[in-house]
Number of protein chains: 2
Amino acid sequence: SSRVSSSGSSSALSSLHTVEGVWPLPQSFTSSTERYPLNPKAFYFGYGRQSAAQQDCSVLDAAFKRYFSLIFPDYTSGSGDKPFTVEIRVDHADCDSYPNENSSERYNLSVSAGQASLNAETVWGALRGLETFSQLVYQDDFGTYFVNKTEIDDFPRFQFRGILLDTSRHYLPVQAILKTLDAMAYSKFNVFHWHIVDDPSFPYQSRTFPDLSSTGAFHPMTHIYTQSDVRRVISHARLWGIRVLPEFDSPGHTQSWGKGQSDLLTPCYRGSTPSGTFGPVNPVLPSTYQFMARLFKEVSSVFPDSYIHLGGDEVDFSCWKSNPDVRAFMQKMGFGGDFTKLEAFYMEKIVNITSALKKTSIVWQDVFDYHERRSSLSVVEVWRHGCYLCEVRRVVNAGLRVILASPWYLDQPGPTHNWARYYTVWPLAFKGTEEQKKLVIGGEVCMWGEYVDATNLTPRLWPRASAAAERLWSDEKQTSSVDEAFPRLQDFRCKLVRRGIRAEPLHVGHCKHEYQGV
Amino acid sequence: SSRVSSSGSSSALSSLHTVEGVWPLPQSFTSSTERYPLNPKAFYFGYGRQSAAQQDCSVLDAAFKRYFSLIFPDYTSGSGDKPFTVEIRVDHADCDSYPNENSSERYNLSVSAGQASLNAETVWGALRGLETFSQLVYQDDFGTYFVNKTEIDDFPRFQFRGILLDTSRHYLPVQAILKTLDAMAYSKFNVFHWHIVDDPSFPYQSRTFPDLSSTGAFHPMTHIYTQSDVRRVISHARLWGIRVLPEFDSPGHTQSWGKGQSDLLTPCYRGSTPSGTFGPVNPVLPSTYQFMARLFKEVSSVFPDSYIHLGGDEVDFSCWKSNPDVRAFMQKMGFGGDFTKLEAFYMEKIVNITSALKKTSIVWQDVFDYHERRSSLSVVEVWRHGCYLCEVRRVVNAGLRVILASPWYLDQPGPTHNWARYYTVWPLAFKGTEEQKKLVIGGEVCMWGEYVDATNLTPRLWPRASAAAERLWSDEKQTSSVDEAFPRLQDFRCKLVRRGIRAEPLHVGHCKHEYQGV
């Protein structure tokens, strides 16, 4: 049957409402011009008889509800009156678990007359397939919904596809975080890296150390994340198949910690007297490690994911250098004047604390660079600019896993149309064995908070983060052309707008449904 | 009486909740630490007995309603139970008119116990004073509203303080325009320059030439401004004391016009045959001027303001050069090979058409640069980068009025914190007489639409446009320090956020009331 093309300049986009319109691009698909009308009144999601998950599977039941309204944003009379069923079959009924580093996200989607079959090993794979199915559905000019005959076999290129939000430099209301999780799922991101505390504020309300937020947050009541807020974020993320990884960055980036925990930070000296200012966490006091052990014990139980981010970046040594107790400790330990040894000593202790809690730790590349005993490290996040692939190579040569963030610092001001810069990133373009390349477990978009809060987060993040998402999910060979990606990304951006996400425009043009909020 | 200072890091801001917190800075004020509690249940706006405007004055009655909710965003029990009245007195009951180029915006505001007196020559001045009063009111930590004893004498430095929105490169829903008008009034902008049509689309639905939008808009039904939409914008703007100036830019920037008006654009030639593409408006056909006369007649009646913007920028001569009819006309007119003469000929005709309609025309600086008979011009808008004050000087030397836009191209990507670039602009820092400097009637913030639509307009515009607003309203000597402006602008930005305007953050920090939307 023939396609009804829209009028005017929208025709370029409407011709994409077949499988090419899926973002990020599935690994393998076969589409057809054969199409089936969908009638919201006769559209069903169902569990296949052989599916391990059946009704009452929390993840999928919730997903069916969400995707019904995402697929049918407005009702029309509809020309199709035959029923259409999306039948889900999963191998494991992991409905009440959390997604983890080993979760398969593979799925197979087969759309034919009256039915779509969605097969996946896990419910997380089924979620990815539902997202794809929802992007396959389109409306003609009369409002009727259609989906084309399609075959898709899909799986992510990288296991770790993250977005970092910074809730310390500006506080982000929980609603803004939840909305970002929604948008992440639309681009098949699967990790929310919550850079929850830093120098400017400590919004995490700790059960063990409530003073940290009551004195370290911007405001003790309105600018904090309660235990219930955190649970809400984790639970919302779970239903989208997204892991939540908290970062409690130390020993630097901890100014706000000092307000609620005396003796934690290093007192800086001017000559022989304390100057009244404080530096990084004090690495010489046993009380520091007792505090950290208790804090990380709590954090490990609050955040179910097996990964935890320990930070370790940008430690300024000048305060340590000024402090006589620190200098004495350096001498005692035989560190000479090399403060990187002190930092490594500190990080090793923190890594051991979290290892004992059965957590896999991520550290920023600084720790890898300074650390001599690299075998205690697990995952290194590469963030510095310059030759970041050189660093990636060094890390995998040491046998450690890598997350790449350097090319995806989206908080940097810049024109929307530089999305191509985030698209044309080749994370594996370094000399290495197949085994070494497998150590690159993924990448991360970083949205630091210096100039970002709930007023501008969404347009700064989307659709540029979606460019990174395709790099992390899709086959590199099929997605190497910026020119081919451009109209697809424009189309996808309009889908985001239709779903209520304030994704910025890429260039002159329009969406059939413009953003209607104010 | 003593001030209750807020806790933690918000104290730096809360100390500003006196008159220094008014943005843009009033010309003259005296504030006091003496403060009066305000109880929403006993707070009244009233007309002074000597006021020319009395009850049923549309502009002020509507302003009273708006400002009541702006002043009291939430109700509290309030400790004050004595009544407080803001008494307005204006010299002219210009309640049903439109603000114009000569409207006085001067006001005097005197706040004392139980009463504030607001005196102004016009209702437009009264609106500016109400805005100021609303910014003087603050809440203590217990939610009680206060206003300090204050004396303010205020008037704008420049008569023309505009914002340009471009609704051609992206369509902006009417709601987004109305919301921008609200935010404009908060910064005391008084001109909305509506760059309504351009190459990519023609969303203005003309009564005389309906085909212009039905074929030239992105979509003939959903991406247009009906006559009723335009009336709504003008009426909303009027109630804020904002003029609406339409721009119908020609002869360049008219690709979208050609779709609905055949023979309007110049057919381009490749060698001796038409190439099928079109260039600027065809200046050699009498039908062109008949069309323009009818279009501008309609536009002049739809938009009540006495100014109209005729564009005239960036005309590409290559298509004119290729066209044999245009070349023949050039020869007949004795223009030689100088196409700027042809452009000047065209613009002169358009200026004459609008003069006959009793409109003052604004043109982009290109027209001034090319025009030999400058006496037919009135107002020149300087937009090119480089030495823009050199151009300002040339224009005032020719005795023409100037609007300065060059330093305020806010659509340009860039960090929020470059607000200082828009603040440190000195529009009169050129050699000239007092009379010549008076010819600089104001300035304009330009928000071009290549990368901007309703998803990101607001955070890109605010609070950076507010930096320009203070430059255009306030005394230059009192507002020359970026360091002094910074905390005031941060405070003002939080006021915008509290009013529901998604104004971006300037730097690390927080607002007492963060943006709550998603």
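Within every chain, residues take consecutive numbers counted from 1 along the sequence as written. Just so you know, chain letters begin at A and ligand numbers begin at 1, following the order they were written in. With the structure being a predicted model, the display of local features is reserved for residues of pLDDT at least 70 and the display and counting of side-chain atom pairs for 80 or more, all residues being used for whole-chain, interface and lining totals. Hydrogens and waters are ignored; side-chain quantities use all the structure's heavy atoms.

Let's talk about the packing of helix α2 (residues 58-71) of chain B against helix α3 (residues 123-136) of chain B
All names here are of chain B.
And step 1. The axes are straight lines fitted to the C-alpha atoms, using for helices just the contacting stretch, and the angles between their N-to-C directions are given from 0 to 180°. Each helix is a run of DSSP H or I of at least 4 residues and each strand a run of E of at least 2, with the numbering of both proceeding from the N terminus. Two elements in contact, α2 and α3, have axes separated by 10 Å at closest approach and are oriented at 10°. One finds that α2 runs roughly parallel with respect to α3. In contact with V59, L60, A63, F64, R66, Y67 and I71 of α2, α3 contributes V123, W124, A126, L127, L130, E131, F133 and S134.
And step 2. When residues are grouped by polarity, Ala, Val, Leu, Ile, Met, Phe, Trp, Tyr, Cys and Pro land in nonpolar, Asp, Glu, Lys and Arg in charged, and all others, Gly among them, in polar. Taken together, the residues that form the contact of α2 with α3 break down as 12 nonpolar, 1 polar and 2 charged. Angular relationships are summarised with four words: roughly parallel below 35 degrees, roughly antiparallel beyond 145, roughly perpendicular across 65 to 115, and oblique for the angles in between. Residues are treated as being in contact if the distance between any of their heavy atoms lies within 4.5 Å.

Brief notes about the interface of chain B and chain A
And step 1. Tallying the contact residues gives 43 residues for chain B and 43 residues for chain A.
And step 2. In total, about 3800 Å² of surface goes out of reach between chain B and chain A, with carbon and sulfur atoms giving 58% of it.
And step 3. Any carboxyl oxygen of Asp or Glu that lies within 4 Å of a side-chain nitrogen of Lys or Arg is treated as forming a salt bridge with it. In this assembly, chain B and chain A are joined by 4 salt bridges.
And step 4. Of the charged contacts, one joins E504 of chain B and R460 of chain A as a salt bridge, the two residues approaching to 3.1 Å between their closest N and O atoms.
And step 5. Pairs of N or O atoms within 3.5 Å make up the polar contacts considered here, provided that, within protein, one atom can donate a hydrogen while the other can accept it, and that residues adjacent in sequence are counted only when both atoms are side-chain atoms. Inspection of the region where chain B meets chain A yields 26 residue pairs in polar contact (both at pLDDT 80 or more).
And step 6. Within the residue set of the side of chain B that touches chain A, elements represented by two or more residues are α4 (174-186), α16 (457-461) and α18 (482-498) of chain B.
And step 7. At 3 residues, α4 of chain B tops the list of elements feeding residues into the side of chain B that touches chain A.
And step 8. Class assignment for the residues of the side of chain B that touches chain A results in 19 nonpolar, 14 polar and 10 charged. Take the accessible area each of two parts loses on contact, using a 1.4 Å probe, and add the two losses: that sum is the buried area.

A short note on the environment of Y289 of chain A
All names here are of chain A.
And step 1. Position of Y289 relative to the elements: it lies in helix α8 (residues 286-302).
And step 2. Remark: the alpha-carbon pair of Y289 and L264, spanning 25 residues in sequence, is separated by 9.4 Å.
And step 3. Excluding its chain neighbours within four sequence positions, the residues that come into contact with Y289 are P283, F345, Y346, K349, I350 and I353.

Focus: the relation of the copies chain B and chain A
And step 1. When the copies are overlaid, the least-squares fit takes in C-alpha atoms only where the residue has pLDDT of at least 70 in both copies. Superposition record for chain B on chain A: RMSD 0.0 Å, screw rotation 180°, translation along axis 0.0 Å. The superposition operator between the copies reduces to a two-fold rotation axis.
And step 2. Looking at the interface residues of chain B, 100% of them are also at the interface in chain A, so both copies use one shared face.

Things to note about unusual backbone geometry
And step 1. For the peptide bond that leads from W462 of chain A to P463 of chain A, omega is 5°, which places it in the cis range.
And step 2. When you line up the elements, P463 of chain A lands in the loop between α16 (457-461) and α17 (464-473).
And step 3. A positive phi angle is found at D263 of chain A, which is not glycine, with a value near 70°.
And step 4. Positive phi values are uncommon outside glycine, yet K188 of chain B reaches one of about 65°.
And step 5. Here K188 of chain B shows up in the loop between α4 and β9 (191-195).
And step 6. For each residue, the accessible area found with a 1.4 Å probe, counting protein chains only, is set against the maximum for its type, and the residue is called buried under 20%, exposed over 50%, and partly exposed in between. Using a relative accessible area of 0% as the deciding quantity, one classes K188 of chain B as buried.

What about the pattern of salt bridges?
And step 1. Within the structure shown, the criterion is met by 38 salt bridges over all chains.
And step 2. Here E101 of chain B ties to R401 of chain B by a salt bridge, and the two come within 3.5 Å at their closest N and O atoms. Residue E101 of chain B is found in the loop between β3 (84-90) and β4 (107-112), and its partner R401 of chain B is found in strand β16 (residues 401-404); the two are separated by 300 residues along the sequence.
And step 3. On the basis of relative accessible area, R401 of chain B is assigned to the partly exposed category, the value being 26%.
And step 4. For R157 of chain B, the salt bridge is made with E476 of chain B, and the minimal N-O distance between the two is 2.6 Å. Of this pair, R157 of chain B sits in the loop between β7 (145-154) and β8 (160-166) while E476 of chain B is found in the loop between α17 (464-473) and α18, placing the two residues 319 residues apart along the sequence.
And step 5. Here the residues in one salt-bridge network are D166, R169, D198 and E450 of chain A, joined through shared partners.

Some remarks on the pairing of strand β10 (residues 243-247) of chain A
Residue and element names in this part refer to chain A.
And step 1. A large share of β10 lies buried, amounting to 5 of its 5 residues.
And step 2. Note on pairing: two strands pair once DSSP finds at least 2 bridges between them. Taken together, the 5 bridges between strand β9 (residues 191-195) and β10 define a ladder with parallel strand orientation. From the neighbouring strand, F192 faces β10, where its bridge partner is V244.

Concerning the packing of aromatic side chains
All names here are of chain A.
And step 1. Pairing of aromatic rings covers Phe, Tyr and the six-membered ring of Trp, with a centre-to-centre limit of 6.5 Å; geometry is then stacked below 30 degrees between planes, edge-to-face above 60, and tilted otherwise. Considering all chains together, one arrives at 83 aromatic pairs over all chains under this definition.
And step 2. We note R35 situated over the ring of F146; from NZ or CZ to the ring centre the distance is 3.6 Å.
And step 3. Across from the ring centre of Y307, 4.6 Å away, lies the NZ or CZ of R243, which sits over that ring. The rule for a charge over a ring is simple: NZ of Lys or CZ of Arg within 6 Å of the ring centre, and within 35 degrees of the ring normal.

Looking at the environment of E247 of chain A
All names here are of chain A.
And step 1. Within the element layout of this structure, E247 appears in strand β10.
And step 2. For E247, a relative accessible area of 0% translates into the label buried.
And step 3. When the C-alpha atoms of E247 and R66 are compared, they prove to be 29 Å apart, with 181 residues separating the residues in sequence.
And step 4. Beyond its immediate stretch of four places on either side in the chain, E247 contacts L164, H193, W194, H195, I196, V197, H309, G311 and W364.
And step 5. In this structure the side chain of E247 is engaged in a polar contact, spanning 2.7 Å, whose partner is the side chain of H193.
And step 6. At a separation of 2.7 Å, a polar atom in the side chain of E247 contacts the side chain of W364.

A look at the state of the cysteines
Residues and elements named next belong to chain B.
And step 1. When two cysteine sulfur atoms are found within 2.5 Å, that pair is recorded as a disulfide. By the definition in use, this model includes 8 disulfides over all chains.
And step 2. With a sulfur-sulfur separation of 2.0 Å, C57 is cross-linked through a disulfide to C95. The sign of the -105° torsion about the S-S bond sets the C57-C95 disulfide as left-handed. Residue C57 is found in the loop between β2 (43-47) and α2, and its partner C95 is found in the loop between β3 and β4; the two are separated by 38 residues along the sequence. As far as burial versus exposure is concerned, C57 and C95 are alike and both buried.
And step 3. In this model, C268 is linked to C319 through a disulfide, with the two sulfur atoms separated by 2.2 Å. The chirality of the disulfide connecting C268 with C319 is left-handed, given an S-S dihedral of about -105°. With a gap of 51 residues between them, C268 in strand β11 (residues 265-270) and C319 in helix α9 (residues 318-322) connect regions that are remote in the sequence. Comparing C268 with C319, the two get one shared label, buried.

Quick word on the confidence of the model for chain A
All names here are of chain A.
And step 1. Confidence in the prediction for chain A averages 91 pLDDT; 94% of positions are at 70 or higher.
And step 2. Confidence of the prediction at every residue is given by pLDDT, a number between 0 and 100. Here residues 1-19 scores under 50 on pLDDT; set against residues more than four positions off or in separate chains, the count is 36 contacts.
And step 3. Quick note on the complex model: pTM equals 0.91, ipTM equals 0.88.

Overview of helix α6 (residues 227-239) of chain A
All names here are of chain A.
And step 1. How far a helix is expected to stretch is found by multiplying one less than its residue total by 1.5 Å. Between its first and last C-alpha atoms α6 spans 19 Å; for 13 residues at 1.5 Å apiece the expected length is 18 Å, and the two agree.
And step 2. Among the residues making up α6, those that are buried are Q227, D229, V230, V233, I234, A237 and R238.
And step 3. Just downstream of α6, G241 is the residue with a positive phi angle, here 70°.

With respect to the side chain of S406 of chain A
Residues and elements named next belong to chain A.
And step 1. Within the secondary structure, S406 sits in the loop between β16 (401-404) and α14 (419-423).
And step 2. Residue S406 is classed as buried on the basis of its relative accessible area, which comes to 1%.
And step 3. Within the local environment of S406, its side chain forms a polar contact with the backbone oxygen of R384, the two atoms lying 2.8 Å apart.
And step 4. Ignoring any residue separated from it by four or fewer positions in sequence, one finds S406 in contact with V382, W383, R384, H385 and Y388.

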